[in-house]
Amino acid sequence: MAIGVPPLVPASRAAIRVGSAILGERLDHRQRVRYAAWVTDLRGRWALVTGATSGFGLATARAIASQGCHVAITGRREDRLQAAAGEIRDRYRVEAVPLRFDVRDLAQVRLALEGASDLLSKLDILVNNAGLALALDPLQAGSPDDWDQMIDTNVKGLLYASRTVLPGMVERGRGHVVNVGSVAGHQTYAGGAVYSATKYAVRAITDALRYDVLGKGIRVSNVEPGLAETEFSEVRFKGDRTRAKTVYDGLTPLVAEDVADAVVWCLTRPPHVNIQSVLIMPTDQASAHAVHRRTK
Ligand code: NDP
Ligand code: 8X3
C-alpha cells in the first residue's frame, strides 16, 4: 500500500456510519462482508508516536499525518521535535504537538501526556516506537549501564506510555496500540542478548495486552522489522558511523518508510480486523542470521 493514497470510501450512508465510528466499532456479519474492503479512516483522529525525532517514528508520524490524522510526537531532542512538528503541520495541514520527554522516566511521561491539554481524552492511536540497541558485546563483557538503558527504554518506556494512554481508550471503547518489536524478538544473535530480551518482552507484552483489552474495542499490533537503515546502528555503536555503515554493506536494507507503511496498513484495516503481527524483512534477509550481501 502506498503512503498517502486516499482510503477507498464506499459512498453509501451505512458506510459513512461505519467510517464515522472507527477503531473498535462492532459490525454484524453482513456489514463485515460488505465492508471487507473498507479501510479505517484516520482523518481527524489523534495519534501519539513515541521516538519520532528520527527513523521509524518520524516516518510513521509523517505517514499517519498524510492520512489526515493529528499527531503528538515525542523524543528527547527538542530541536528535532520542533522541526518535525512544523514540517508535518505545513505539509499535511494537521495538528502536530511536540512533546519532549524521556520514556524511561514515568513522572516525565505522565507530566507530558497529562499536561498536553486534552490529548489523553482524544487519542485513538498509540505507536510505541521509542527504543534502541546499545553495543554488541558478549554478555560476559557487556555493560550493565547499556543493559539498563535498553531495558528501561524498550520495555519500561513502552509500559509507561501504554499505562498512561490505555485507560482513556478503555473508557471510550476504542483505540489501537501498535508496538514496534523486531526480528530480534523472535531470534537471538551473538552480542544481542539484552536487546533481544527487550524485544521478546515487547512481543510478550503485546500478546498479553490483547487479553487485557479483549472485548473493549481496542486493537493491538506488533510491527517487527529486520535490518533497517536509520540512526539505529549509529546509536548502537555510539556514534561510530563507519561501523554503523558496515551493518548494511552489500545488502539493501529496509528504509523507515517501509516500516511506516506497515504501521499505516495495520491502522487502516477495517475496524473488525486486528493485525496481530507484521514481521517485515529486507528481501536480502531471511532471518536474524542469514543475510545476502553482494560482493563489490
Ligand atoms: P532511531 O535511532 O532512528 O530512532 C529511535 C527513536 O527513539 C528516536 O526518535 C529517539 O529519540 C527515540 N528514543 C530513544 N531513546 C529514548 C528515550 N529514552 N526517551 C524518548 N525517546 C527515545 O532508530 P529506529 O527508528 O530504527 O528505531 C525505532 C524502533 O525500532 C526501536 O524500538 C528499535 O528497537 C526498533 N527496531 C529498529 C530496527 C532497525 O534495524 N533500525 C529493526 C527492528 C526494530 P531521541 O533520541 O530524540 O530521544
Ligand atoms: C533491530 C534489528 O537485527 O539489529 O531490531 O536486531 S537487529
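Here, every reference points to the structure presented above.
Here's what I pulled together on the structure shown here. Quick caveat: nothing in here was measured; it's all calculated off a predicted structure.

1. Some details on the site of ligand 2
Point 1. Around ligand 2, the neighbouring residues are Ser182, Val183, Ala184, Gly192, Gly226, Leu227 and Ala288.
Point 2. Each residue belonging to the shell around ligand 2 can be placed in one class, and the counts come to four nonpolar, three polar and no charged.

2. Concerning the site of ligand 1
Point 1. In the neighbourhood of ligand 1, 29 residues make up the surrounding shell, with Gly51, Gly55, Gly75, Arg76 and Gly131 lying closest.
Point 2. Every element with two or more residues in the shell around ligand 1 is listed here: helix 3 (55-65), helix 6 (144-172) and helix 8 (232-236).
Point 3. When residues in the shell around ligand 1 are grouped by element, the largest group, three residues, is from helix 3.
Point 4. Grouping the constituent residues of the shell around ligand 1 by class yields 11 nonpolar, 12 polar and six charged.

3. A closer look at unusual backbone geometry
The bulk of non-glycine residues show a negative phi, and the bulk of peptide bonds are trans.
Point 1. The backbone phi angle of arginine 93 is positive, close to 55°, even though this residue is not glycine.
Point 2. With respect to the helices and strands, the residue arginine 93 is situated in the loop between helix 4 (78-92) and strand 3 (96-100).
Point 3. Overall, arginine 93 belongs to the exposed group, with 9 C-beta atoms counted inside 10 Å.
Point 4. One non-glycine residue, serine 117, adopts positive backbone phi at about 35°.
Point 5. Looking at the element boundaries, serine 117 is found in the loop between helix 5 (106-115) and strand 4 (123-128).

4. Quick look at the pairing of strand 2 (residues 70-75)
Point 1. Taking burial as the measure, the six residues of strand 2 include six buried ones, the bulk of the element.
Point 2. Side-chain alternation along strand 2 places His70, Ala72 and Thr74 on one buried face and Val71, Ile73 and Gly75 on a second face that is also buried.
Point 3. Pairing geometry for strand 1 (residues 46-49) and strand 2, over four bridges, is parallel. Note that in strand 2 the partner of leucine 48 across the bridge is alanine 72.
Point 4. A crossover connection joins strand 1 to the parallel strand 2 through helix 3; in handedness this β-α-β unit is right-handed.
Point 5. Bridge count between strand 2 and strand 3: five bridges; the pairing is parallel. Looking across to strand 3, one finds that valine 71 is bridged to alanine 96.
Point 6. Between strand 2 and its parallel partner strand 3, the chain crosses via helix 4, and the hand of that crossover is right-handed.

Calculation rules
- Residues numbered from 1 in each chain as written.
- Chains lettered and ligands numbered in written order.
- Predicted model: local features only at pLDDT ≥ 70, side-chain atom pairs only at ≥ 80, totals over all residues.
- Near = placed C-beta within 6 Å.
- Nonpolar A, V, L, I, M, F, W, Y, C, P; charged D, E, K, R; others polar.
- Helix = DSSP H or I, 4+ residues; strand = E, 2+ residues; numbered from the N terminus.
- Buried ≥ 20, exposed ≤ 12 C-beta atoms within 10 Å, placed from the backbone.
- Pairing = 2+ DSSP bridges.
- Right-handed = clockwise from strand over helix to strand, strands pointing away.

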